[in-house]
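# Observations on the three-dimensional arrangement
Letter by letter, the chains look like this.
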Amino acid sequence: MSTTPGTEEHDVDFTEETAVTAVIDSFARTADPRLRELLEGLVRHLHAYVRETRPTLAEWEQAISFLTRVGQKCDDTRQEFILFSDVLGVSMLVETINGQENGTESTVLGPFHVVESPRRESGDTIDLVGGGTPCVVSARVVSTSGEPIAGASVDVWQCDKDGFYDVQRPDVQPLGNGRGLFESGPDGGVWFRTVVPSHYPIPTDGPVGQLLEATDRHPYRPAHIHFLVEAPGHKPLTTHMFVANSPYIDSDAVFAVKKSLVVDFRDTSDAALAERYGVSAPFRHAAFDIVLEPSDVD
């Protein structure tokens, strides 16, 4: 005779030794095998952590309170859970596990990506404010065989010269400043005008900032520009180009720096080149090749 789920008699009490089995068994009817695998792994490791560190009831309540406050800090322009994942190195670990083997290395999305960047044409400026060191960025999207990829979507976002994104200071920067959605040309190329971004601190006015303070960690990220690149028949890529010699290049608060992504923003005083790019000399010029692997899906 069948029993109603959840009313079966347990053969053992819930103890330290039986806890993992009891909880994992509760997922036995999970229809999605991958969901079941993820939940079982979570339970095994979380229970092992608790058995190893043996938190007090007060400490566990404090942990729950922290996670609650992380969630409460999230809104349409701020994702504190991404920030929490970033400072623990989990975001970069997931990116590294899922990254390309032969293409450009990936890095974290970060908490300041927006769903729709303003559409721009190659050669446009994404600097709507000015005042910083003029900069031209030339990017080229290619396949692993070196062939140019035309029609790739290249989503770009960065902070301003003072280290702030548009959503952080909407009274100073118009929304869309430092952002642009471009399409690569027949040669796979995209270029745009901007300012050299600054190093900056991640937001510290929430629970993640309190965690950094409690552990005596600095909140700074080296100067960088974000790229999210997609093209039909290829794997999407989330990456950065880091400004060589930026402060904190060796101690990024979110562990995202990879040597292959550090780019020289060269000083140039070439007046003719400046005129060609529509900037004033001297200016900085950075070139970045973005290599996409073919997709596993035909």
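Notes on the structure in this doc start here. (Residues numbered from 1 in each chain as written. Predicted model: local features only at pLDDT ≥ 70, side-chain atom pairs only at ≥ 80, totals over all residues. Heavy atoms only, no water.)

### Observations regarding the packing of aromatic side chains
Per the counting criterion, the structure on display carries eight aromatic pairs. For the pair Phe112 and Tyr165, a centre-to-centre distance of 4.7 Å together with 20 degrees between the ring planes defines the contact as stacked. Residue Phe112 is found in the loop between α5 (90–98) and β1 (134–143), and its partner Tyr165 is found in the loop between β2 (153–157) and β3 (179–183); the two are separated by 53 residues along the sequence. For the pair Tyr277 and Phe283, a centre-to-centre distance of 6.3 Å together with 70 degrees between the ring planes defines the contact as edge-to-face. This pair shows no difference in class: Tyr277 is buried, exactly as Phe283 is. Chaining the aromatic ring pairs together yields one cluster made of Phe112, Tyr165 and Tyr200. Arg276 extends its terminal NZ or CZ atom over the ring of Tyr277, reaching a point 5.2 Å from the ring centre. (Phe/Tyr/Trp six-rings, centres within 6.5 Å; stacked < 30°, edge-to-face > 60°. Helix = DSSP H or I, 4+ residues; strand = E, 2+ residues; numbered from the N terminus. Buried < 20%, exposed > 50% of the residue type's maximum accessible area, 1.4 Å probe, protein only. Lys NZ or Arg CZ within 6 Å of the ring centre and 35° of its normal.)

### What to know about the pairing of strand β11 (residues 283–292)
By the criterion of burial, β11 is predominantly enclosed, with eight of the ten residues buried. Looking at chain direction, β1 and β11 are connected through nine bridges and run parallel. Each residue of the ladder has a partner; that of Ser143, found in β11, is Leu292. With three bridges connecting them, strand β10 (residues 266–268) and β11 associate as antiparallel partners. Each bridged residue has a counterpart across the sheet, and for Thr268 the counterpart in β11 is Phe283. (Pairing = 2+ DSSP bridges.)

### Examining the packing of helix α4 (residues 80–87) against helix α6 (residues 207–214)
The description of two helices packed together rests on the angle between their axes and the distance between the axes. Interaxial distance between α4 and α6 falls to 9 Å at its minimum, and their mutual angle equals 25 degrees. Looking at the two axes, α4 sits roughly parallel to α6. Judged by residue contacts, Glu80, Leu83, Phe84 and Val87 of α4 engage Pro207, Val208, Gly209, Leu211 and Leu212 from α6. Residue classes in the contact of α4 with α6 are distributed as seven nonpolar, one polar and one charged. (Axes fitted to C-alpha atoms, helices over the stretch in contact; angles between N-to-C directions. Parallel < 35°, antiparallel > 145°, perpendicular 65-115°, else oblique. Contact = heavy atoms within 4.5 Å. Nonpolar A, V, L, I, M, F, W, Y, C, P; charged D, E, K, R; others polar.)

### Concerning the sheet that holds strand β9 (residues 262–263)
In space, the five strands of this open sheet follow the order β3-β2-β7-β8-β9, with mixed pairing throughout. Where the open sheet ends on each side, the last strands, each with one partner, are β3 and β9. Inspection of the sheet shows β2 paired to β3 by five bridges, in the antiparallel sense. Bridge assignment links Trp157 to a residue of β3, and that residue is Arg179.

### Focus on the nonpolar core
Grouped together as the largest cluster of nonpolar side chains are 42 residues, with contacts concentrated most on Phe227 and Met241. Membership of the second largest hydrophobic core comes to six residues, among which are Phe112, Trp157, Cys159 and Tyr200. (Core = buried A, V, L, I, M, F, W, Y, C linked by side-chain atoms within 4.5 Å.)

### A few points about the sheet that holds β1
Adjacent strands of a sheet pair through backbone hydrogen bonds, lying either parallel or antiparallel. Pairing in this open sheet of four strands is mixed, and the strands run β4-β1-β11-β10 from one edge to the other. Each edge of the sheet is formed by a strand with only one pairing partner; in this case those strands are β4 (189–195) and β10. Recorded for the sheet is a direction-independent mean angle of 25 degrees between the axes of neighbouring strands.

### Some thoughts on the side chain of Thr268
Among the secondary structure elements, Thr268 is positioned in strand β10. Relative accessible area serves as the criterion here: at 13%, Thr268 is assigned to the buried category.

### As for α6
For α6, every residue scored as buried is listed here: Pro207, Val208, Gly209 and Leu212. Along its buried surface, α6 packs onto α3 (57–72) and α4.

### Describing the environment of His285
By secondary structure assignment, the location of His285 is in strand β11. On the basis of relative accessibility, which here comes to 10%, the residue His285 falls in the buried class. Taking C-alpha positions, His285 is 38 Å from Thr215, a pair spaced 70 residues apart along the chain. Not counting chain neighbours up to four residues away, the residues in contact with His285 comprise Val136, Ser138, Asp264, Phe265, Arg266 and Tyr277. For His285, the side chain forms a polar contact with the side chain of Ser138, separated by 2.9 Å. (Polar contact = N/O pair within 3.5 Å; in protein donor to acceptor, adjacent residues only side chain to side chain.)

### A look at a nonpolar patch on the surface
A cluster of nonpolar side chains, Leu42, Leu46, Tyr49, Val50, Trp60, Ile64, Leu67 and Phe81, forms an exposed patch at the surface whose accessible area comes to about 700 Å². If you list the elements that add at least two residues to the nonpolar patch, you get α2 (33–53) and α3. At four residues, α2 tops the list of elements feeding residues into the nonpolar patch. In this fold, Tyr49 is placed in helix α2. Overall, Tyr49 belongs to the partly exposed group, its relative accessible area being 46%. (Patch = residues over 30% accessible without salt bridge, like charges linked within 9 Å, V, L, I, M, F, W, Y side chains within 5 Å. Areas by Shrake-Rupley, 256 points an atom, 1.4 Å probe, with all protein chains shown as cover. Salt bridge = Lys/Arg side-chain N within 4 Å of Asp/Glu carboxyl O.)

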